[in-house]
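What follows is each chain in one-letter form.
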Amino acid sequence: MRSSLFTILLGIALFAVPVVAQNGAKPQPILVGVIGGSQRSAAPVRTVRASFSSASLGSASSVEARAFELMNAQRLANGLQSLQWDEEIIALARSHSQSMAEGKYFSHKDPSGGFVDSRAAKLGIFNWMAIGENIAFMKGYDDPASMAVEKWMQSTSHKKNILSGQWRGSAIGVAVADDGAIYFTQVFIAK
């Protein structure tokens, strides 16, 4: 019952945006998916345990580290290498989560019309060949990091980002709004 109630109250929407630079052209983000509380995935998500050392996660908060470790556990369970925590892009992930929390919006597009690539440029991050983003929003869960990764893995587009072999680095930034809503932004990068 509690799970059903939280599912109804969840208000989770998840998006995955891969951006790939090709032939020197300006990358164009593509919105590829939305998950709402009423949608269900036909395929169950395999439960895996995270067993990484948070010492390698630099400035990650406990929620950020847990989400990152759970995401990497999913990669390992699918025969992929773990992504490396990228301290250069944590500010990018955190700033977008904070912007959404403060502005009470949920979108890859920020209020100035920018996407992950333009936000990266504003922070002086230019050394990438591909950049992507998953976002999540939720409220009312005891373990929001686990729920974010579970929902991402139930979404074809988010799962594709998480399990892509092109990424080498990632970071997850979390912000909590004054009403308790939690915003996650995961940035993926290939340099």
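Residues numbered from 1 in each chain as written. Predicted model: local features only at pLDDT ≥ 70, side-chain atom pairs only at ≥ 80, totals over all residues. Heavy atoms only, no water.

Some words on the overall build of the chain
As a reminder, the rule being used: Starting at the N terminus, helices and strands are each numbered in turn, a helix being any DSSP run of H or I of at least four residues and a strand any DSSP run of E of at least two. Should any heavy atoms of two residues lie within 4.5 Å, those residues are considered in contact. Each accessible area is a Shrake-Rupley estimate made with a 1.4 Å probe; only the visible protein chains count as cover when residues are assessed.
Across its full length, the chain holds six helices and five strands. Each helix (α) and strand (β) of the chain, taken in turn from the N terminus, gives the series α-β-α-β-α-α-β-α-α-β-β. Within the chain, residue pairs in contact and separated by at least 24 positions form 69% of the contacts whose partners lie at least 6 positions apart. On the chain, roughly 9400 Å² of surface is accessible, and the fraction owed to carbon and sulfur atoms is 55%.

Digging into the pairing of strand 4 (residues 169-176)
Filter applied, for reference: Between buried and exposed lies partly exposed: a residue is buried under 20% and exposed over 50% of the maximum accessible area for its type, with that area taken using a 1.4 Å probe on protein chains only. At least two DSSP bridges between two strands are needed for those strands to be called paired.
Burial analysis of strand 4 places seven of its eight residues in the buried class, the great majority of the element. Sheet topology places strand 2 (residues 84-85) next to strand 4; two bridges connect them, and they run parallel. Bridged to Trp-85 within strand 4 is Ser-170. The pairing of strand 4 with strand 5 (residues 182-190) spans eight bridges and is classified as antiparallel. Among the inter-strand pairings, Ser-170 is bridged to a residue of strand 5, identified as Phe-188.

Examining unusual backbone geometry
Apart from glycine, the bulk of residues carry a negative phi angle, and the bulk of peptide bonds sit in the trans form. In this structure, Lys-104 is a non-glycine residue whose phi angle is positive, near 55°. For Lys-104, the position within the fold is in the loop between helix 3 (87-103) and helix 4 (116-122).

Structural measurements only, silent on function.
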